[in-house]
Amino acid sequence: MDAIFLQILNGLDKGGAYALIALGLTLVFGTLGVVNFAHGALFMLGAFCAVTFQKLLTLSKQVKDESITFFDAYKEIPYLEIWLGDTGAAIIDWAVPLSIFMAIPVMLVIGLIMERGLIQYFYKRSHAEQILVTFGLAIVLQEIVKSFFGANPIPTPAPDIIAGSANVGAWFGLGDSVVYPYWRMIYLVFALIVIGSVFAFLQFTTFGMVVRAGMADRETVTLLGIDVERRFTIVFGIAAIVAGLAGVMYTPILPPDYHIGMDFLVLSFVVVVVGGMGSLPGAVAAGFLLGILQSFASMNEIKSIFPGIDQIIIYLVAVVVLLVRPRGLMGRKGVMED
Amino acid sequence: MGFFKLSARDALLMVIFAAAVLLAPIWLKPFGAAYPDLLQKFAIFGLFAIGFNILFGLTGYLSFGHAAFLGIGSYTAVWSFKLLSMNVIPAVIFGTLTAGLLAVLIGFVSLRRTGIYFSILTLAFAQMCYNLAYSVLTPITNGETGLRVLRDDPMVLDRAVGVIQEGSPIGDFFGWQMQGFPAFYFCAAMLIIGFYVSLRIFRSPFGLKLRAIKSNQTRMRYTGFNTRPYLLLAFVISGMYAGMAGTLMVVTDPLAGAERMQWTASGEVVLMTILGGVGTLLGPILGAVLIKYFENIFSAFNTDVLHDVFSFMPDWLENFFVTIVHPFVGEGWHLTLGTLFMVIVIFLPGGLVEGFNRLFQRRKKKASSEAAGSRVATGGEKQATAEN
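Since the structure is predicted, the reported quantities are computational estimates derived from the model, not experimental observations.

A. Representation of the overall build of chain B in the model. Scanning chain B from N- to C-terminus turns up 19 helices and four strands. Whereas a compact globule of 388 residues would reach a radius of gyration of roughly 21 Å, chain B reaches 23 Å, a difference of no more than 12%. Split into buried and exposed, the 388 residues of chain B put 52% on the buried side. Taking the intrachain contacts of chain B between residues at least 6 apart in sequence as the baseline, contacts between residues at least 24 apart amount to 74%. Within the structure as shown, chain B displays about 18100 Å² of accessible surface, and the carbon and sulfur contribution to it stands at 66%. Once the 28 positive and 21 negative side-chain charges of chain B are each reduced to a mean point, those two points are 19 Å apart.

B. Seen up close, the pattern of salt bridges. Summed over all chains, the structure comprises 10 salt bridges over all chains. Of the charged contacts, one joins E229(A) and R116(A) as a salt bridge, the two residues approaching to 3.9 Å between their closest N and O atoms. With E229(A) in helix 11 (residues 228-250) and R116(A) in helix 5 (residues 95-117), this residue pair connects regions lying 113 residues apart in the sequence. Since its relative accessible area comes to 32%, E229(A) is described here as partly exposed. Residue E268(B) pairs with K292(B) through a salt bridge whose shortest N-O separation is 3.1 Å. Taken as a pair, E268(B) in helix 13 (residues 263-276) and K292(B) in helix 14 (residues 283-300) lie far apart in primary sequence, 24 residues in all. Taken together, the shared-partner salt bridges in this structure form one network comprising E115(A), R116(A), R218(A) and E229(A).

C. Quick look at the domain arrangement of chain B. Domain assignment breaks chain B into domain 1 (34-300), domain 2 (301-349) and domain 3 (360-388). Using C-alpha coordinates to define each centre, domain 1 of chain B is positioned 39 Å away from domain 3 of chain B.

D. View of helix 12 (residues 228-252) of chain B. With 25 residues, helix 12 of chain B extends 36 Å between its outermost C-alpha atoms, agreeing within 8% with the 36 Å of an ideal straight helix rising 1.5 Å per residue. Of all 25 residues in helix 12 of chain B, 19 are buried; the element is thus mostly enclosed.

Reading the values: the criteria
- Residues numbered from 1 in each chain as written.
- Chains lettered and ligands numbered in written order.
- Predicted model: local features only at pLDDT ≥ 70, side-chain atom pairs only at ≥ 80, totals over all residues.
- Heavy atoms only, no water.
- Helix = DSSP H or I, 4+ residues; strand = E, 2+ residues; numbered from the N terminus.
- Rg over C-alpha atoms; globule rule 2.2 N^0.38 Å.
- Buried < 20%, exposed > 50% of the residue type's maximum accessible area, 1.4 Å probe, protein only.
- Contact = heavy atoms within 4.5 Å.
- Areas by Shrake-Rupley, 256 points an atom, 1.4 Å probe, with all protein chains shown as cover.
- Lys, Arg positive; Asp, Glu negative; His and termini not counted.
- Charge placed at Lys NZ, Arg CZ, Asp CG, Glu CD.
- Salt bridge = Lys/Arg side-chain N within 4 Å of Asp/Glu carboxyl O.
- Domains from an automatic or database assignment.
- Expected span 1.5 Å × (residues − 1).

Have a look at this one:
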């Protein structure tokens, strides 16, 4: 029981990341009809927003170390600490959550530039060409990041107060074996909030209504005199923000390196296909489902029955789902079937 | 009919192609690409891309999992070396066949779907193979270390005949050690055979059917034509090409690692095909050669070499150019590759071959419009595009 509960928890945070990326992918696909292989790169760029923000905060000045008297020793003290004292240190400690505020505008701009600069020319081209050009873009983005930040993962720790783990089991009266890091819990909550706000935005605002109408029948909406294309551009920006935020918040869980996006992208595409191309709830549900399945498959008990199952479970599920339910779990008729 | 059942034009193409491949060590010398290691790569990846093109170019099914066949070909070849003999013939046969078997399995399942679903399914299968090769199948694949041939392996056939090599084992073709130029010529022979088969497929009714599937599969089905067996056959043939390419990698260097099954490797062959020209005969080989050539040249560049290259400029300009170019060479070669990829897809979706054709036609058009007015030229252009 404990073990099962723990595995579900473990699966949820990874599932949250899959769900966030898959949500953006589906949004872009549903509105613009573009299969965006560069979406993983947006996740990666988000993660590197956090890295950049942390680097900016910790810009340091060399100061003579007074505690060593035998020779001239220097230590680096961040300007923030010099100017603001303990407040500065606290800000640096909270670099990752604070970088959200930087990531939102940055990712929006990146998304808009990407859409206007490249993607808009590919609406009418074949899916194969869309895949190829965005794949090329992903390589370019990731190499640029690599040339700035190097190839090694960069540690971006969570704030000290929430760096530890919670004894979740005790809360539910399950015994002490269920221990879960605070940050992963925060990630899960964060993912749910972001997903919730995207859905609310689409459901309860006029803008969202137009977007949904455009997804359902683009031609009619255009005939009504609404500039759908412009709204879809903004939707692309939103998808970029969602992917970016997923990346920012994931940095304390997994130190980012330049190919983190690609690793997630392949899985997210599988998630989208399992959920059903073009279905937002399907993408979210499949994200969490596959995350949980993956964490169950990595239990030792299961691995001893089916060795190696943890490595292939997601792909296996995808194959089975595609063969049994060709449109995915919640796919609609007529999407991507030509 | 006539020469190898080819029309006169194709026979000429075949002869020129064979001559160009066999004489590559001579005519590639001025480009600095005439050393065996690189030539072997040209031939191997050329073969890989030809095979991929039979699927993607003719049927339009974009597979993102061809690296799996490359990988299984490699592993089978190493096992053939280990268990049977260092002779390369059994390795090539077994490597190609097992890749074909795997392709039957994967193709049977994946071809139930089209479009992006097919891409994702093939990708999923390839990733499964890759992950399994790294984890559970370690006894067979030797995991991260990679599988290599050891001197005290059984090699049943070799021991029966009594031919045991000294030193580290090298592939062997009835007495020829598969190293350097002999190895290149072996790969070249395979490439020429592969090209011949691909030419025959392109010109055959089978090839025509595949093209018909690409242009409108629904209509094909409505005419009462079952497309699945043809698609599966194309998929298997293309998988066998990939398997043979994997085998040749092992023939030239008896070592197989799981990383050549990763999906980036599948992406690379897509890129080669696109760069050269999808659905053309020579395009994929051209793409493979260019990519491997530039990979080799560019990744050898470093800052010093760059300073040499730009040394004719004034100092400030030299430094400026070195700073700009530096991220694109050496370790950053992939940046060039990605940029190239985008440029080709954006501006020249038909690849380089289409680019050449356009250039060629423009010149022809200019010449004929000077002679007889533009009316004739448009007709000629239509015919020319139809021929390609």
